[in-house]
Amino acid sequence: MVFSGTATMYLAEKICQSLGCPLGQLQITKFSDGEFAVSYEESIRGRDIFLVQSTFPNSDNLMELLLMIDAAKRASARTINAVIPYFGWARQDRKDKPRVSIGAKLVADLLSVAGVNRVITMDLHADQIQGFFDVPVDHLYGSSVILPYLQSLNLEDLVIASPDVGGSKRANTYAKFLGCPLVLCNKTRARANVVATMQIIGDVAGKNVVIVDDMVDTAGTITKAADLMKASGAKTVRACASHCVMSGPASERVQESALEEIVFTDSIPYTHRCAKVKQLSVADTFAEAIRRVINNQSISDLYLI
């Protein structure tokens, strides 16, 4: 049985359509002070429950998911599986300076204590976050829909680029699969969400460049990289990322940048209007992962890379 929180209903409906099952009946009652309560409107006793909810801002989405897990546990569900297309707080995965929180570990602990039996997610900001959980984690990749789209463009003189050194592993994997060169951007930050300087490592002159990342938040890095590559002689510059956070001035920055287009999955809903943004659905990928979990089948061949 598949249920959805408020914010990810659009994706849960597509997943259910792919699975050929109805979306479960769940009621979320909101009180005037902002508190809310979750109740299942049908019996889930002894059933395998899949709860679809991304934990992008605001925190209500995470709290909804925790209450959904708790209610399912108290209603005697056999297994409780959290389907989290976008796992929020993933950027807080280590102590990069003294006296800071590790938010990704905290959220993993919250989900475990609430009673989740399995987590299905996609493109974590850092792969090691899987180790924060004491339950099985099925880690899917947006490349399963992004790579076929890139191949369909039939771009000549293709170059894959990483917007920073930290994303070089991901970009290198794309470059190997597509059989093309890799270019890196070396950046320094003045503070969070603000890029101070950036340099290109590699040749982009006369090339069709695709910048690969896991998420785009304020779009400062990716648009600065695109403008720099265009100024360095690139024929076209595109970008692709799994998670369409696109907060603050991101849409305006993308629209005014040298980017031809920017491609995301629909792990996060995008409500702003920007002609350069394209979203590809991962509903079929998650539906197939759910089907294989139910049937105790391997999901490894879902990965293109």
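Right above here is the structure, for reference.
My aim in this report is to walk through the structure given alongside it, one point at a time.

Calculation rules
Residues numbered from 1 in each chain as written. Predicted model: local features only at pLDDT ≥ 70, side-chain atom pairs only at ≥ 80, totals over all residues. Heavy atoms only, no water. Helix = DSSP H or I, 4+ residues; strand = E, 2+ residues; numbered from the N terminus. Rg over C-alpha atoms; globule rule 2.2 N^0.38 Å. Buried < 20%, exposed > 50% of the residue type's maximum accessible area, 1.4 Å probe, protein only. Contact = heavy atoms within 4.5 Å. Areas by Shrake-Rupley, 256 points an atom, 1.4 Å probe, with all protein chains shown as cover. 1 Å grid on protein atoms, 1.4 Å probe; cavity = no way out; pocket = protein on both sides within 12 Å on 5 of 7 lines; lining within 4 Å. Points joined across faces, edges and corners; volume = space filled by probe spheres on them. Nonpolar A, V, L, I, M, F, W, Y, C, P; charged D, E, K, R; others polar. Salt bridge = Lys/Arg side-chain N within 4 Å of Asp/Glu carboxyl O. Core = buried A, V, L, I, M, F, W, Y, C linked by side-chain atoms within 4.5 Å. Pairing = 2+ DSSP bridges. Axes fitted to C-alpha atoms, helices over the stretch in contact; angles between N-to-C directions. Parallel < 35°, antiparallel > 145°, perpendicular 65-115°, else oblique.

### Some details on the overall build of the protein chain
- Secondary structure summary: the protein chain contains 8 helices and 14 strands in total.
- Taken against the 2.2 N^0.38 rule, which gives 19 Å for 305 residues, the C-alpha radius of gyration of the protein chain at 20 Å falls within 12% of a compact globule.
- Over its C-alpha atoms, taken along the principal directions, the protein chain stretches across nearly 60 × 40 × 35 Å.
- Here the protein chain, with 305 residues, has 51% of them falling under the buried criterion.
- Partitioning the contacts of the protein chain with sequence separation of at least 6, the portion at a separation of at least 24 is 62%.
- Carbon together with sulfur atoms contributes 49% to the accessible area of the protein chain, which is approximately 13,900 Å² in total.

### Quick notes on the layout of surface pockets
- Space inside the second largest pocket adds up to approximately 220 Å³.
- What lines the second largest pocket is a set of 15 residues, among which M1, V2, C21, P22 and R47 lie closest to the centre.
- Here the residues of the lining of the second largest pocket are counted per class, giving 10 nonpolar, 2 polar and 3 charged.

### A closer look at the pattern of salt bridges
- All chains considered together, the criterion is met by 15 salt bridges.
- Residue D127 is joined to K169 by a salt bridge in which the shortest nitrogen-to-oxygen separation is 4.0 Å. One end of the pair, D127, is in the loop between β6 (118–122) and β7 (137–140); the other, K169, is in helix α5 (residues 168–178), and 42 residues separate them in sequence.
- Overlapping salt bridges bring together E288, R291, R292 and D301 as one network.

### Considering the nonpolar core
- Grouped together as the largest cluster of nonpolar side chains are 36 residues, with contacts concentrated most on I15, I120, L140, I160, Y174, C240 and F286.
- Mapped by element, the contributors of at least two residues to this core are α1 (9–19), β4 (48–52), β6, α4 (143–153), β8 (158–162), α5, β11 (208–216) and α8 (283–294).
- Considering every element that reaches this core, the biggest residue donor is α8, with 6 residues.
- Once residues within four sequence positions are removed from consideration, C240 is found in contact with I146, L150, Y174, V210, I211, V212, D213 and V263.
- Judged by nonpolar contacts, the second largest core, of 34 residues, contains L62, L65, A108 and I129.

### Looking at the sheet that holds β4
- What the 5 strands build is an open sheet, ordered β1-β4-β5-β6-β7; its pairing is parallel. Of all strands in the sheet, those with a lone pairing partner are β1 (2–4) and β7, marking the two edges. Strand-to-strand twist across the sheet, computed as the mean angle between neighbouring axes with direction ignored, equals 20°.
- In this sheet, strand β5 (residues 79–84) lies alongside β4 in parallel orientation, the contact comprising 5 bridges. Counterpart to L51 in the pairing with β5 is A82.
- Running at roughly 165° to β5, helix α2 (residues 60–74) makes contact with β1, β4 and β5 of the sheet.
- The strands touched by α8 within the sheet are β4, β5, β6 and β7, with β6 carrying the most contacts at an inclination of about 155°.

### Quick word on the packing of α2 against helix α3 (residues 103–114)
- One can describe the packing of α2 onto α3 by two numbers: an axis separation of 9 Å at closest approach and a directional angle of 25°. On the basis of their axis angle, the class for α2 and α3 is roughly parallel. Mapping the contact onto sequence places L62, L65, L66, I69, D70 and K73 in α2 and V107, L110, L111, V113 and A114 in α3.
- In terms of residue class, the contact of α2 with α3 is built from 9 nonpolar, no polar and 2 charged.

### Some thoughts on unusual backbone geometry
- The phi torsion at D123 lies on the positive side, around 45°, for a residue other than glycine.
- You can see D123 is positioned in the loop between β6 and β7.
- Residue D123 is classed as buried on the basis of its relative accessible area, which comes to 9%.
- Even without glycine at this site, D157 takes up a positive phi of about 50°.
- Here D157 lies in the loop between α4 and β8.

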